[in-house]
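Examination of the molecular architecture
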Amino acid sequence: MSGRQEAALCSTPQHGYGWKVKLNHVFPERRNQRVKPKLKQLPPLIPLGLRYLTWALNILKDGKRPLMNYFKMKTGKQIYGAPIGGIGAGTIGRGFRGEFCRYQMRPGMYSYHVLAANQFLVTIRNSEGTTVYQQVLSPHKKPKSNRLSSWKWEFDGSNAQYCALYPRAWTEYKIHEHKVTLTCRQVSPVIPHNYKDSSLPCAVFVWDVENGSNEDLQISITMTFKNGTGGKDDKKGNCWTEAFDEAGGDVKGVMIHQVIRAMRCTYGIACSNNENITTETHFNPNGPGYEIWQPLQTKGELNTKSEEYRPGNAREEVGCAVSCKNTVQANSKGRAEFALVWDMPQVQFSGSSTTYRRFYTKYFGSDGKAAPKIAAYALQNYKSWEKEIETWQEPILNDSGLPDWYKSAIFNELYFVSDGGSIWVEVDESEKLPADDPRMEYGRFGYLEGHEYRMYNTYDVHFYASFALTQLWPQLQKVLQYDIRDSISKEDLSRRKHLYDGQKAIRKSAGSVPHDVGDPEEDPFVNINSYPIHDVADWRDLNSKFVLQVFRDFTLWKDLAYLKAMWPQACTVIQKSLAWDKDDDGLIENGGFPDQTYDSWIMTGASAYCGSLWLASLHSMVEMGRALGESTELYETTLHKGKAAFEAKLWNGEYYNFDSSGAPHSSSIMSDQLCGHWYLRACGVTDKVFPKENVKKALTTIFNNNVMKFKNGTMGAVNGMLPSGNKDLFTIQSEEVWVGTVYALAAVMMHEGMVEESFKTAAGIYQTVYDRIGMGFETPEALYEEKYYRAIGYMRPLSIWAIQLAWEQLNSAK
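Structural notes, computed from the coordinates. Nothing here was measured: the structure is a model prediction, and the numbers come from that model.

Points about the pairing of strand 13 (residues 251-260)
Burial within strand 13 is extensive, with 8 of its 10 residues counted as buried. The hairpin turn running from strand 12 (residues 240-246) into strand 13, its antiparallel successor, is 4 residues long, and Ala247 in that turn takes a positive phi close to 55 degrees. Relative to strand 14 (residues 263-272), strand 13 is paired through 10 bridges, and the arrangement is antiparallel. The residue of strand 14 that forms the bridge with Val251 is Ser272.

This is the structure we're talking about:
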């Protein structure tokens with residue numbers, strides 16, 4: 001920390017945008033997942049539930065966790081702020097009150113603990129060398145059982161303000177009695193198109209200190225951290241600590257070496273650019289904490305005793321600390337810079353003997369000794385990270401046509417790219433991929449469907465979320481697509497009983513797009529299709545979604561080599577889908593079971609959802625085939641017939657019916673009925689498939705009913721609404737609001753020039769999640785009208801980036 005006046009690089013969010021709360025904030029509404037299905041929704045759920053019970057108990061007997069664990073559904077904690085860490089190397093959640101929480105060190109597996117020992121402390125000494133103030137910078141009460149009882153807790157939350165604009169966050173603390181203001185700026189290296197730095201397991205905390213008094217003050221900022229992630233395994237780590245200095249002594253800190261589930265992991269905390277850095281290699285995080293508190297109170301620094309500490313008891317938990325002290329002159333400013341690193345270079349999945357090297361090891365090695373180097377690199381480069389972040393964000397933040405809430409939502413929902421259980425590893429040479437395969441340079445990437453739905457790259461959901469990767473980290477979208485492409489031809493002949501109907505089928509059929517690429521409790525990327533409920537080989541949306549993503553990517557990237565690589569398998573999956581056109585009218589039919597992403601909502605015959613996806617994929621095949629000089633006659637002929645059938649069977653003059661079965665719910669107004677049209681619009685296709693006047697009428701109907709007649713237009717769009725103005729209660733999913741689907745709907749409205757309606761629709765869902773129910777940074781898949789939500793921390797809301805693409809395309813056309 002320097003006593004001179006510094007030109008702070010965005011010490012506070014100068015633009016004023018982001019999600020803001022006081023540290024004593026209480027949300028007006030609290031929800032849970034204990035939803036009770038209605039009586040008429042129960043018949044298909046009872047046998048499904050019984051089969052699930054047997055399946056889940058068998059998995060638990062094997063010492064594993066079901067990939068969808070309905071015995072232990074999570075309740076939103078209403079504490080989260082922007083998490084820390086790059087992409088695919090593990091993350092640590094941060095609470096808006098300063099908590100270190102929600103640890104994801106093991107790939108795809110979460111530990112939802114708040115560790116009291118992981119804190120920042122401030123010590124203020126007057127010009128006479130007397131300590132006049134010392135405080136844990138947390139509004140939490142003192143931990144129980146005498147833990148850290150010597151520390152002063154309960155900072156007044158009304159005197160602190162939090163602001164998150166991912167991948168950064170700011171917390172400002174006002175210490176009025178000493179006229180001191182502390183601002184902690186949290187920076188994670190999540191930077192579009194910067195693949196090296198975005199892969200790093202670290203974060204930087206920049207503390208700007210303002211002394212507004214007329215007296216010089218000696219101010220120390222101290223960071224404390226303990227081993228583990230807060231669970232019982234913290235006592236199994238055989239952990240030991242050592243001090244280090246790096247970058248010629250400019251960076252000093254402490255490492256905690258440990259083992260987490262048989263994988264070596266080193267935590268490192270460090271501080272830079274100050275002569276007055278002191279360290280403590282060990283304190284007891286379960287004791288009173290005198291080892292930290294007393295020396296700080298006595299002299300404003302730690303007792304740097306030894307270079308290394310090895311506990312006498314292998315089950316001992318250990319904490320460490322690093323502190324930065326300096327004099328801040330009267331009416332002046334200072335700064336302290338800290339880094340936190342977690343180096344777990346080689347990882348294994350529970351069901352696999354394969355060892356993977358995380359992508360960042362390409363630059364920092366895989367020997368487990370990289371923590372000091374990464375800490376120094378982060379502290380030396382965070383300013384350039386921030387410049388890149390600001391260059392990326394400022395065009396959106398400075399756009400006067402965009403509402404303030406949107407400028408928070410568009411960036412904060414990106415948390416899931418890193419904190420969605422993401423894994424990013426190097427590809428082993430034994431795979432013998434071609435030299436021009438992008439996975440050779442950019443590795444392999446996966447992220448979970450959700451924190452509670454533990455499947456990597458769930459493809460029907462990634463279809464919505466992929467707009468974030470495609471625009472910001474296109475190489476990650478590309479390597480994901482190459483994995484999906486290769487999986488289409490694979491088959492897994494092992495048989496299993498599916499939970500929905502109890503029928504046995506093989507796990508993966510050749511010629512079909514998989515539902516997912518695996519469960520981290522198994523052997524992902526090898527054992528694909530971990531989803532146990534339906535036989536996804538018969539799902540009507542997956543094949544179309546592969547084709548549409550290829551076309552969307554090609555129109556945005558203009559990468560002919562990518563298109564050539566995807567084309568053969570696009571032809572394969574379209575050919576398979578043609579078998580679902582039972583009456584040869586060019587339109588596929590649904591099978592009378594939940595055979596698409598709405599996996600409890602039955603579609604029978606022609607459906608608006610799958611039909612629109614199918615027609616859009618046929619048009620995409622025509623356009624892609626022409627770009628490659630391939631024959632497109634089959635696709636053109638089928639499309640011509642299919643368009644006529646779609647209009648004849650489903651258009652009712654105001655919107656497209658849910659399906660053509662003639663059942664009571666067939667006339668339901670589905671908010672996602674124009675999903676295929678949405679993708680075509682993102683590709684620059686206007687009205688070549690769906691009549692413009694019908695699209696506009698359907699969107700107006702959806703807005704007037706699903707949006708405005710549901711919670712008075714304050715909660716997005718309900719999935720299904722009957723023409724009577726009542727919610728469609730046919731299934732639990734028809735009465736839900738899906739956050740990611742709402743953003744997709746808002747995007748297609750934007751494409752069609754319905755700007756006001758688009759922002760009104762999307763604002764309702766953002767304000768509900770972040771401001772009303774306190775579930776920001778764990779955005780759920782689904783909300784109910786009252787009391788309930790489903791599936792915290794979900795992938796689909798990344799579809800908000802489709803709104804941004806639509807906005808940019810709309811304005812570029814003016």
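Further notes follow.
Observations regarding helix 19 (residues 800-812)
Taking 1.5 Å per residue as the helical rise, helix 19 with its 13 residues ought to reach 18 Å, and the 19 Å between its terminal C-alpha atoms agrees with that figure. Of the residues making up helix 19, those classed as buried are Ile800, Trp801, Ala802, Ile803, Gln804, Leu805, Ala806, Trp807 and Leu810.

Digging into the sheet that holds strand 31 (residues 789-790)
The 3 strands are arranged 29-30-31 in an open sheet whose pairing can be described as antiparallel. Since the sheet does not close on itself, it has two edges, and those belong to strand 29 (737-738) and strand 31, each with one partner. One ladder, built from 2 bridges, connects strand 30 (residues 782-783) with strand 31; its direction is antiparallel. Bridge assignment links Ala782 to a residue of strand 31, and that residue is Arg790.

Comments concerning the pattern of salt bridges
Enumeration according to the criterion identifies 41 salt bridges in this entry. Measuring nitrogen to oxygen at the nearest pair gives 2.8 Å for the salt bridge that ties Glu431 to Arg444. Taken together, the residues Glu431 in the loop between strand 21 (423-425) and helix 8 (438-442) and Arg444 in strand 22 (residues 444-446) connect sequence positions 13 residues apart. A relative accessible area of 7% means that Arg444 is categorised as buried. Here Glu785 makes a salt bridge to Lys727, at a shortest N to O gap of 3.0 Å. With Glu785 in the loop between strand 30 and strand 31 and Lys727 in the loop between strand 28 (720-721) and strand 29, this pair connects stretches of sequence that are 58 residues apart.

Brief notes about the nonpolar core
Of all hydrophobic cores here, the largest spans 264 residues; its most connected members are Phe205, Trp207, Phe338, Trp678 and Trp801. Broken down by element, the residue count for this core peaks at 13 residues, all from helix 5 (residues 371-397). Those residues in contact with Phe205 that sit more than four places away from it in its chain are Ile84, Arg94, Phe100, Phe120, Cys184, Arg185, Gln186, Met223, Ala336, Glu337, Phe338 and Leu340.

Describing unusual backbone geometry
That bond from Tyr166 to Pro167 is cis: its omega, 15 degrees, falls within 30 degrees of zero. Structurally, Pro167 is set in the loop between strand 7 (160-165) and strand 8 (168-175). The backbone of Glu154 sits at a positive phi, close to 60 degrees, despite the residue not being glycine. Relative to the helices and strands, Glu154 resides in the loop between strand 6 (131-136) and strand 7. Phi at Lys787 is positive, roughly 75 degrees, even though this residue is not glycine.

Digging into the packing of aromatic side chains
The final tally for this structure, using the stated rule, is 65 aromatic pairs. Judged by centre distance (6.3 Å) and plane angle (85 degrees), the ring pair of Trp405 and Phe759 falls under edge-to-face. Note that Trp405 is positioned in helix 6 (residues 404-412) and Phe759 in helix 18 (residues 755-772), a separation of 354 residues in sequence. Arranged with centres 6.0 Å apart and planes meeting at 85 degrees, the rings of Tyr453 and Tyr794 form a pair that is edge-to-face. Linking Tyr453 in the loop between strand 22 and helix 9 (459-472) with Tyr794 in the loop between strand 31 and helix 19, this pair joins segments that are 341 residues apart in sequence. Tyr794 carries the same exposure label as Tyr453, and that label is buried. Between Arg102 and the ring centre of Tyr80, over which it is positioned, the NZ or CZ distance is 4.2 Å.

Some words on the sheet that holds strand 5 (residues 119-125)
The antiparallel open sheet is built from 5 strands, whose spatial order is 6-5-11-17-15. Both outer strands of the open sheet, strand 6 and strand 15 (277-283), are each paired with one neighbouring strand and no more. Between one strand axis and the next, the sheet turns by 15 degrees as a mean value, whatever way the strands run. Relative to strand 17 (residues 319-328), strand 15 runs antiparallel, the two sharing 5 bridges. By the bridge assignment, Glu280 is partnered in strand 17 with Ala321.

Reading the values: rules and limits
Residues numbered from 1 in each chain as written. Predicted model: local features only at pLDDT ≥ 70, side-chain atom pairs only at ≥ 80, totals over all residues. Heavy atoms only, no water. Buried < 20%, exposed > 50% of the residue type's maximum accessible area, 1.4 Å probe, protein only. Helix = DSSP H or I, 4+ residues; strand = E, 2+ residues; numbered from the N terminus. Pairing = 2+ DSSP bridges. Expected span 1.5 Å × (residues − 1). Salt bridge = Lys/Arg side-chain N within 4 Å of Asp/Glu carboxyl O. Core = buried A, V, L, I, M, F, W, Y, C linked by side-chain atoms within 4.5 Å. Contact = heavy atoms within 4.5 Å. Phe/Tyr/Trp six-rings, centres within 6.5 Å; stacked < 30°, edge-to-face > 60°. Lys NZ or Arg CZ within 6 Å of the ring centre and 35° of its normal. Axes fitted to C-alpha atoms, helices over the stretch in contact; angles between N-to-C directions.

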